[in-house]
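Chain by chain, the residues run as shown.
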Amino acid sequence: MLSVVVSGLRGRWASFLGGFLALVLGVGLLTATGLGLAAALDPPAHAPERFASSPVVVLGQDRLTVEVRRGPGTALVSRPLDRPQPVDTAVLRELRDRWTLTENPADVRHPDAVGLDAPAEQVRALVGDRARVLTGAERRRADPGHERDGHELTGLNALLGTAGGVAAFVSVFVVASVFAFSVALRRREFGLLRTAGATPGQVRRLLLAEATALGVTASAAGCALGGLAAPPMARVLVDRALAPEWFAHAVGGSAGWPYHLAFWTGLCVALAGAAAAAHRAGRTGPVDALREADVDRDVLPPGRALLGAGLLAAGIGLLVWTYATEPEALLKRKTYTTLPMLLTGGAALLAPLLARPVARLLPVPRGGAVGLLVRENGAAAVRRTAAVAAPVLVTVALAGTLFGASESVALAKETEARERTAAPYVVEGPGLRIPPRTAGGAVVAASGPTSLFVRDGAEAVVKYQARAVTDPAAFAALARLPVVAGDLRGLDHRSIVVNEEFERRRVGEEVEVWRADGSGPVRLRVAAVLARGTGDNGPYVTRAQAPGSVPDRLESDRPLPAEAAANGAGAAPAARNEAAATGLRLVLALVLLYTVIALASTLLMATSVRGPELASLRLAGATRAQALRAVTGEAVLAVAIGTVLGLGVTAAVLGALGAGLAALSAPVVLAVPWAQTGAAAGVCAVVAVAASALPAWRLTR
């Protein structure tokens, strides 16, 4: 058996090249992203900067701790504050009485942290729960860049996780497609083996042994490639400000689990891709060795049909369920990244069933014999057409859904932000100066960011990103918020404007909140209720309930004085998430690379065995140019079928997103990424034409 496997791989290396390359790239990317995740999840210890010479640091409270109900009893839950609060004055006085403190001269009156050289246990006994005592590597929590690193790592983990997940998802389809089509082309070979006395089990074991050899070799090569690619990938992420500076030196350390995960995933992908093909090969009978006609039969086995229909039904069902129960989840990246994969996978598995009706519907030139031949061959050779259309479908669908959903959510947020104010003049930026009330008689509404902590029932505490307004009357005069109950003019220092996400959202009810610095709770009356929108509609409070908030937005009905906007950035749309955009571009490039490999390998295999067919075509009177046009036309038709099916998946996802925006009373602005889908389809068409024309040109010499 081993000698047969080795000789088979050596003799048909071209048939396995596409699957081998796809698996090497998939395992390599899994290894590289795994090494990146290992570095991000377990960052190296860094020496503290701000209090490097102090073995003990006393940090002001940086978390809010609230008692909530848990079953029959209670428990404490903590939520992070926006920034550490100043150390309690009494704590400072007691510390100064006993030890010499290291303090920043700029905030000596109200420091958020102080350093000292004293026994940590004694300091903890003195401080109690009035502040946090840090030692060792934890002293970095007092450094100004600590929170920034945390935010960067959150986006980085999402980027690497998405890329790794897509790599595994697409690898399965590419490897399975290559194996399935290879088995279809080897039907006569398996028939001869059965005629020579091979049992169905031996034929299946032969294919699985080939897949094992391919998987082990490709996974080992992919692990080596990923280990070499991880450091350059980390440097690129750091250069693009998507990762902290230390990340470039931390990737590629001693972590071993990414290599194990990538290797065994690659081997499992190879075996999973070959399993269905091996089952089909085992059903090949001896009579198949005698058949002359290559007629596609049994192109959609019951197992594949059931799995494809299940994935398609699950994807549609989850979209409908999410819309009906939690429409705001449709706007989240996790949702519009994962749910389309179910729809895409289901459509790709059902491609043999969908290819023929789509081929009949697509317009094909009917002016000559070539156009008729392209249409009929494309509809008859369903297996070949589906093998080409499936990777194109995956590429176009992922490009359309990922970019379309991301751009649509961003456009909806920008449109909503423009519609939230009637002010013709808006300035955004840090350090804005509020002009005097009498400055030209202008109505100026200033607001700044803050946070509010609100009980969600008796079991949880939710942190809301809120806005603090300076002048409630000016705010009410210029705001054009989607009010569903109450009146914005009712906002004052003892009230709050909430949105429909709040548990208590009836006008006149009181909401218990904690402020951004953890102080509270205070009870605020609900003055107005806003529609949920895209997630940026409220809540709103006044500056009295937002300690430490600094205005970063000015709205005015008249031009603002130059000094008021000295540090402003001008009217600006909602900021785009650069990490998310980079991740989407990386995913599209990855999927496109897989598709190129799948198309090239499939069409090279398919066209290379069409010598007798092309010879018959030439004997029937076709010129060499006509034969080449027929072959390349079939390839383009298959790409067009995959593009249409991919656009169908895109339409379903964007349609659900539009319905979700409408349910949230948000602007329904859908962006169809024609540039990305068109570029993907164009690249696929070029590769398909080249991969089919080259062997056809050789066969028609």
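Bear in mind the structure is a predicted one, so any value in this text is a computation, not a measurement.

Colleague: I'd love a proper account of the pattern of salt bridges, names of residues and values included.
Modeller: Inspection of every chain in the model, using the stated rule, returns 19 salt bridges. One salt bridge in this structure joins Asp82 and Lys463, with 3.0 Å as the shortest N-O distance. One end of the pair, Asp82, is in the loop between strand S3 (73–80) and helix H3 (89–98); the other, Lys463, is in strand S9 (residues 460–469), and 381 residues separate them in sequence. Given a relative accessible area of 29%, Asp82 falls into the partly exposed group. With relative accessibility at 28%, the residue Lys463 sits in the partly exposed group.

Colleague: Describe the pairing of S9, listing the residues and the values that go with them.
Modeller: Inspection of the sheet shows strand S8 (residues 444–456) paired to S9 by ten bridges, in the antiparallel sense. Following the sheet pairing, Leu452 is matched in S9 by Tyr464. In this structure, the hairpin formed by S8 and S9 is closed by a connection of three residues, where Gly457 is found at a positive phi of approximately 70 degrees. Looking at chain direction, S9 and strand S14 (residues 540–542) are connected through three bridges and run parallel. Bridged to Ala468 within S14 is Val541.

Colleague: Explain the packing of helix H10 (residues 302–325) against helix H11 (residues 333–349) to me, using residue names and the numbers behind them.
Modeller: Interhelical geometry of H10 versus H11 gives an angle of 150 degrees and a closest axis separation of 7 Å. On the basis of the axis angle, H10 is roughly antiparallel to H11. Considering the relative orientation of H10 and H11, their crossing is left-handed. Packed against H10, whose contacting residues are Arg304, Leu307, Gly308, Leu311, Leu312, Ala314, Gly315, Ile316, Leu318, Leu319 and Thr322, the element H11 presents Leu339, Leu342, Leu343, Gly345, Gly346, Ala347, Ala348 and Leu349 at the interface. Across the contact of H10 with H11, the residue classes tally to 13 nonpolar, five polar and one charged.

Colleague: Tell me what's going on with the environment of His110, and back it up with residues and numbers.
Modeller: Mapping His110 onto the fold places it in the loop between strand S4 (101–102) and strand S5 (113–116). When its relative accessible area of 52% is taken as the criterion, His110 is described as exposed. A sequence separation of 18 residues divides His110 from Leu92, and the C-alpha atoms of the two residues are 9.3 Å apart.

Colleague: Any details on the nonpolar core? Residues and values, ideally.
Modeller: Core analysis: the biggest nonpolar cluster contains 32 residues, and Leu319, Leu331, Leu637, Ile641, Leu657 and Leu661 have the highest contact counts within it. Sorting the residues of this core by element identifies H11, helix H12 (351–361), helix H13 (369–380), helix H14 (382–419) and helix H18 (624–663) as the ones contributing at least two each. The element contributing the most residues to this core is H18, with ten residues. Counting residues in each nonpolar core, the second largest holds 22 residues, with Met341, Val394, Leu402 and Leu590 among its members.

Colleague: How would you sum up the sheet that holds strand S6 (residues 132–135)? Please name residues and give values.
Modeller: Taken together, the four strands give an open sheet; going across it, the order is S4-S5-S1-S6, and neighbouring strands pair in antiparallel fashion. Only two strands of the sheet have a single partner each, and these edge strands are S4 and S6. Taken together, the four bridges between strand S1 (residues 56–59) and S6 define a ladder with antiparallel strand orientation. The residue bridging Val57 from the neighbouring strand is Leu134, located in S6. Of the strands in this sheet, S1, S5 and S6 touch helix H4 (residues 120–127), which is tilted by about 170 degrees from S6.

Colleague: Describe unusual backbone geometry, with residues and values.
Modeller: For the bond running from Gly520 to Pro521, omega is 5 degrees, close enough to zero to count as cis. Along the chain, the position of Pro521 falls in the loop between strand S12 (510–514) and strand S13 (522–530). Here the phi dihedral of Ser665 falls at roughly 60 degrees; this positive angle occurs in a residue that is not glycine. With respect to the secondary-structure elements, Ser665 resides in the loop between H18 and helix H19 (674–699).

Colleague: So what's going on with the packing of H18 against H19? Residues and values would help.
Modeller: For any two helices packed against each other, the geometry is given by the interaxial angle and the distance between the axes. Packing of H18 against H19 brings their axes to within 9 Å, and their N-to-C directions diverge by 150 degrees. The orientation of H18 relative to H19 falls into the category roughly antiparallel. H19 is crossed by H18, and the crossing has right-handed handedness. In this structure, H18 contributes Arg624, Leu628, Val631, Thr632, Ala635, Val636, Val639, Thr643 and Leu647 to the contact, and H19 contributes Trp674, Thr677, Ala681, Cys684, Ala685, Ala688, Val689, Ser692, Ala693, Ala696 and Trp697. Across the contact of H18 with H19, the residue classes break down as 15 nonpolar, four polar and one charged.

Colleague: Give a description of the confidence of the model for the protein that names residues and reports values.
Modeller: Across the protein, the average pLDDT comes to 82, with 86% of residues at or above 70. The lowest-confidence element of the protein is helix H1 (residues 2–11), averaging 63 in pLDDT; the highest-confidence one is S14, averaging 95. Contacts for the low-pLDDT stretch residues 571–576, under 50 throughout, to residues beyond four places or in other chains number eight contacts.

About the criteria used
Residues numbered from 1 in each chain as written. Predicted model: local features only at pLDDT ≥ 70, side-chain atom pairs only at ≥ 80, totals over all residues. Heavy atoms only, no water. Salt bridge = Lys/Arg side-chain N within 4 Å of Asp/Glu carboxyl O. Helix = DSSP H or I, 4+ residues; strand = E, 2+ residues; numbered from the N terminus. Buried < 20%, exposed > 50% of the residue type's maximum accessible area, 1.4 Å probe, protein only. Pairing = 2+ DSSP bridges. Axes fitted to C-alpha atoms, helices over the stretch in contact; angles between N-to-C directions. Parallel < 35°, antiparallel > 145°, perpendicular 65-115°, else oblique. Left-handed = near helix turned anticlockwise from the far one by under 90°. Contact = heavy atoms within 4.5 Å. Nonpolar A, V, L, I, M, F, W, Y, C, P; charged D, E, K, R; others polar. Core = buried A, V, L, I, M, F, W, Y, C linked by side-chain atoms within 4.5 Å. pLDDT = per-residue confidence, 0-100.

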